[in-house]
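Here's the letter readout for the chains.
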Amino acid sequence: MYNFTQDEFKQLHKSVDDIYNTSIIIDYFCSGHREIEELDNITPVVQFLRKNADILNNMFIDSEHLN
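So, here is what we can say about the structure in this document. (Residues numbered from 1 in each chain as written. Predicted model: local features only at pLDDT ≥ 70, side-chain atom pairs only at ≥ 80, totals over all residues. Heavy atoms only, no water.)

For Thr 43, the location among the structural elements is in helix α2 (residues 37–66). Not counting residues within four places of it along the chain, the set of residues in contact with Thr 43 comprises Cys 30, Ser 31 and Arg 34. (Helix = DSSP H or I, 4+ residues; strand = E, 2+ residues; numbered from the N terminus. Contact = heavy atoms within 4.5 Å.)

Right, dumping it as structure tokens:
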């Protein structure tokens, strides 16, 4: 098991938060433009990524409260 320094943890948390927020924007855009076939085709993939980014972001939020 790897123990992160406080600075490493903060940097990882920011990256995870950025990924989560980006996935929300992409999901919103794709879901709002389903008439475009290519966006409709990738919407399930974007939603899958958003769900997993949400889980990871929640893990970091929960870990933050333990320190």
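Now that the structure has been shown, we can carry on.
A separate point is the packing of aromatic side chains. A full pass over the atoms with the stated rule returns 1 aromatic pair. An angle of 35° between the planes, with centres 5.3 Å apart, marks the rings of Phe 9 and Phe 60 as tilted. Of this pair, Phe 9 sits in helix α1 (residues 6–32) while Phe 60 is found in helix α2, placing the two residues 51 residues apart along the sequence. Each member of the pair, Phe 9 as well as Phe 60, carries the same accessibility label: buried. (Phe/Tyr/Trp six-rings, centres within 6.5 Å; stacked < 30°, edge-to-face > 60°. Buried < 20%, exposed > 50% of the residue type's maximum accessible area, 1.4 Å probe, protein only.)

Here the focus is the pattern of salt bridges. Applying the stated criterion to the full structure yields 3 salt bridges. Measuring nitrogen to oxygen at the nearest pair gives 2.8 Å for the salt bridge that ties Arg 50 to Asp 27. Linking Arg 50 in helix α2 with Asp 27 in helix α1, this pair joins segments that are 23 residues apart in sequence. With relative accessibility at 28%, the residue Arg 50 sits in the partly exposed group. Looking at Asp 27, the relative accessible area reads 8%, which means it is buried. When the shortest N-O distance is used, the salt bridge between Arg 34 and Asp 40 registers 2.7 Å. Its relative accessible area of 41% is what places Arg 34 among the partly exposed residues. (Salt bridge = Lys/Arg side-chain N within 4 Å of Asp/Glu carboxyl O.)

Here we take up the environment of Val 16. Among the structural elements, Val 16 can be located in helix α1. The spatial distance from the C-alpha of Val 16 to the C-alpha of Asp 54 is 8.9 Å, given a sequence separation of 38 residues. Setting aside anything within four residues of it in sequence, one finds Val 16 in contact with Leu 56, Asn 57 and Phe 60.

On to a nonpolar patch on the surface, then. On the surface, a nonpolar cluster with roughly 390 Å² of combined accessible area is contributed by Ile 42, Val 45, Phe 48 and Leu 49. Topologically, Val 45 is positioned in helix α2. (Patch = residues over 30% accessible without salt bridge, like charges linked within 9 Å, V, L, I, M, F, W, Y side chains within 5 Å. Areas by Shrake-Rupley, 256 points an atom, 1.4 Å probe, with all protein chains shown as cover.)

It is worth spelling out α1 at this point. Compared with an ideal rise of 1.5 Å per residue, which puts 27 residues at 39 Å, α1 spans 39 Å between its outermost C-alpha atoms and is within 8% of the ideal. Within α1, burial applies to Phe 9, His 13, Val 16, Tyr 20, Ser 23, Asp 27 and Cys 30. (Expected span 1.5 Å × (residues − 1).)

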